[in-house]
Amino acid sequence: MTIEQFIARRLERQQEAAEFAVSLERDFRDSGREIKYEWVRLVRPKHSRSAPSTVFVPGTLTPKQTLRHLAVLRLIVSEHTPDAQHRCSVCRDPGDRGPVAWPCPAVRAIAALWSDHRDYSPEWAVDRP
């Protein structure tokens, strides 16, 4: 499986799940029920060395946010395509400003969103300087 196929399949699966969730939201609202998306409360333990603090963060993206997120990822992947020399059409090497090898860091970073998936290949990991 290529990195492009891997990303396309992950995006497709998430798209299907998000579209289903949007339809469930519609059904809930049509039936007069309310949907609440909860925030997660993170609390630093009192025994930690720094002062205790509480932070509220979103627990997850809403289905509509997920669809927008997927659209952005698709756009990025569609822009970062290999040219005839198998180099990224967008990314440039910071040293010589020439094109970087495919798959580029942007595409590798997107694939890394699913690095815990069984089909993810460690060779796609983003190179660290």
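Attention in this report is confined to the structure presented alongside it. (Residues numbered from 1 in each chain as written. Predicted model: local features only at pLDDT ≥ 70, side-chain atom pairs only at ≥ 80, totals over all residues. Heavy atoms only, no water.)

Overview of helix α1 (residues 3-30)
At step 1: Look at α1: 40 Å from first C-alpha to last across 28 residues, which is about the 40 Å you get at 1.5 Å a residue.
At step 2: What α1 keeps buried is the set I3, F6, I7, R10, L11, Q15, A18, V22 and E25.
At step 3: On the buried face of α1, the contacting elements are α2 (63-79) and α3 (105-111).
At step 4: One or two steps after α1, the chain reaches G32, where phi turns positive at roughly 85°. (Helix = DSSP H or I, 4+ residues; strand = E, 2+ residues; numbered from the N terminus. Expected span 1.5 Å × (residues − 1). Buried < 20%, exposed > 50% of the residue type's maximum accessible area, 1.4 Å probe, protein only. Contact = heavy atoms within 4.5 Å.)

Looking at α2
Along an α-helix, residues three or four apart share an orientation, since each turn contains 3.6 residues.
At step 1: Given a rise of 1.5 Å per residue, 17 residues ought to cover 24 Å, and the 25 Å separating the end C-alpha atoms of α2 matches this to within 8%.
At step 2: Of the residues making up α2, those classed as buried are P63, T66, L70, L73 and V77. Considered in projection along α2, the buried side chains sweep an arc of 75° and stay on one side of the axis. Residues of α2 that are exposed and point over 90 degrees away from its buried face: R68 and L75.
At step 3: Lining the buried residues of α2 we find α1 and α3. (Arc of directions from axis to C-beta.)

Here we look at the packing of aromatic side chains
At step 1: Inspection of every chain in the model, using the stated rule, returns four aromatic pairs.
At step 2: Aromatic pair F6 and W124: ring centres 5.1 Å apart, planes at 45°, arrangement tilted. Residue F6 is located in helix α1, and its partner W124 is located in the segment after α3; the two are separated by 118 residues in the primary sequence. Both residues of the pair, F6 and W124, count as buried.
At step 3: Three or more aromatic residues joined by ring pairs make a cluster, and in this case those are F6, W114, Y120 and W124. (Phe/Tyr/Trp six-rings, centres within 6.5 Å; stacked < 30°, edge-to-face > 60°.)

Concerning unusual backbone geometry
At step 1: In this structure, P103 follows W102 across a cis peptide bond, with omega equal to -5°.
At step 2: In this structure, P103 sits in the loop between β4 (99-101) and α3.

Examining the side chain of Q15
At step 1: Structurally, Q15 is set in helix α1.
At step 2: Excluding its chain neighbours within four sequence positions, the residues that come into contact with Q15 are L67, L70 and R74.

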